[in-house]
Amino acid sequence: SKYKNCLIITDEVFSMDGDVAPLAKLSKIAKLHDAWLMADGAHSIVREHAPVDIYVGTLSKAFGSYGGYVCASRKVIDYITTTARSLMFTTGLPPSVIASSIVALDEMMKHPEYAQTALNNARIFTKALGLPEAQSPIVPLIIGDEKKALAAAAMLEKKGYLAVAIRPPTVPEGTSRLRFAFSAEHKKKDILRMVEIIKEKIL
């Protein structure tokens, strides 16, 4: 009540832990306090259907393209296009990039099962390792020590598995981790084989 305007900003899926923001609850809080809710869908694409005033995202991940987008009311979009210097003083995206993004969106609409399969694959992984059930296709395996995390990532890469080592300052000291990102293309047998290697060589 001290302020004329209030904006609640959150990721929808958090990139380092793979946990999911409770958008429906946040939306209720926003309404209660006459605030707006803005969600960043960089690691998701409208995962939870909840009233959101501004939704932003990237085309460079799930879309396999380039650029980004903002979804909002016409007034907000008009305001952004006439005041955002980062938009006004940049070059427009090439038509081929826009076309590929549209095709990717069409494929997502035709095949919603792809997203569910990616989540299912993450859950196969967490169940096999006795980790908390994955909320998204992003799953961290906390190693702790930075050098051990780097060594584990290098070892897995030699075995044919790409898991990025995330370390400070991206994450807090003592929480270096391997970050796994599952897709619909991953096969159960390959996931379970990777789990065997992790149990034998890392844990």
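The rules behind these values
Residues numbered from 1 in each chain as written. Predicted model: local features only at pLDDT ≥ 70, side-chain atom pairs only at ≥ 80, totals over all residues. Heavy atoms only, no water. Patch = residues over 30% accessible without salt bridge, like charges linked within 9 Å, V, L, I, M, F, W, Y side chains within 5 Å. Areas by Shrake-Rupley, 256 points an atom, 1.4 Å probe, with all protein chains shown as cover. Salt bridge = Lys/Arg side-chain N within 4 Å of Asp/Glu carboxyl O. Buried < 20%, exposed > 50% of the residue type's maximum accessible area, 1.4 Å probe, protein only. Axes fitted to C-alpha atoms, helices over the stretch in contact; angles between N-to-C directions. Helix = DSSP H or I, 4+ residues; strand = E, 2+ residues; numbered from the N terminus. Parallel < 35°, antiparallel > 145°, perpendicular 65-115°, else oblique. Left-handed = near helix turned anticlockwise from the far one by under 90°. Contact = heavy atoms within 4.5 Å. Nonpolar A, V, L, I, M, F, W, Y, C, P; charged D, E, K, R; others polar. Pairing = 2+ DSSP bridges. Expected span 1.5 Å × (residues − 1). Polar contact = N/O pair within 3.5 Å; in protein donor to acceptor, adjacent residues only side chain to side chain.

(A) View of a nonpolar patch on the surface. On the surface, Y66, L93, I98 and I102 cluster together to form a nonpolar patch covering roughly 370 Å² of accessible area. Y66 gets classed as exposed once you look at its relative accessible area, which sits at 54%.

(B) Just the packing of helix α5 (residues 113-129) against helix α7 (residues 188-201), in detail. Running from N to C, α5 and α7 point in directions that differ by 30°, and their axes come no closer than 10 Å. Classed by the angle they form, the pair α5 and α7 counts as roughly parallel. The handedness of the crossing between α5 and α7 is right-handed. Of α7, the residues touching α5 (which contributes N121, I124, F125, A128 and L129) are K188, I191, L192, M194, V195, I198 and K199. A per-class count over the contact of α5 with α7 returns 9 nonpolar, 1 polar and 2 charged.

(C) Examining the sheet that holds strand β5 (residues 138-144) more closely. The 3 strands lie next to each other as β5-β7-β6, forming an open sheet whose pairing is antiparallel. Each of the sheet's edge strands pairs with one partner strand only, and the pair in question is β5 and β6 (164-166). Direction aside, the axes of adjacent strands within the sheet are offset by 30° on average. Where β6 and strand β7 (residues 176-181) come together, 3 bridges link them in antiparallel fashion. Bridge assignment links I166 to a residue of β7, and that residue is R177.

(D) Inspection of helix α6 (residues 146-158) at higher detail. Taking 1.5 Å of rise per residue, the 13 residues of α6 would be expected to cover 18 Å, and the 19 Å separating its terminal C-alpha atoms lies within 8% of that figure. Measuring from the side-chain oxygen of the N-cap residue of α6 to the backbone nitrogen of K147 gives 3.1 Å; that N-cap residue is D145. Residue G160 follows α6 closely and has a positive phi angle near 100°.

(E) Up close: the environment of S60. For S60, the position within the fold is in the loop between β3 (54-58) and β4 (68-71). S60 gets classed as partly exposed once you look at its relative accessible area, which sits at 41%. If sequence neighbours within four positions are ignored, S60 has contacts with S65, Y66 and G67. Within the structure, S60 has its side chain in polar contact with the side chain of T58 (distance 2.7 Å).

(F) Expanded view of the sheet that holds β4. A sheet is described by the order of its strands in space; here 4 strands give the open sequence β1-β2-β3-β4, paired in mixed fashion. Edge positions in the sheet fall to β1 (7-11) and β4, since each of these pairs with one other strand and no more. In this sheet, neighbouring strand axes are inclined to one another by 15° on average, regardless of whether the strands run parallel or antiparallel. Relative to β4, β3 runs antiparallel, the two being bridged by 4 bridges. Each residue of the ladder has a partner; that of G57, found in β4, is Y69.

(G) Fine view of the pattern of salt bridges. Applying the stated criterion to the full structure yields 8 salt bridges. D17 serves as the salt-bridge partner of R177, at 2.6 Å between the closest nitrogen and oxygen. Taken together, the residues R177 in strand β7 and D17 in the loop between β1 and α1 (23-32) connect sequence positions 160 residues apart. Put simply, E107 and K110 hold a salt bridge, and the shortest N to O gap is 3.8 Å. Taken together, the positions of E107 and K110, both in helix α4 (residues 95-110) and 3 residues apart, correspond to about one turn of that helix. Using a relative accessible area of 32% as the deciding quantity, one classes E107 as partly exposed.

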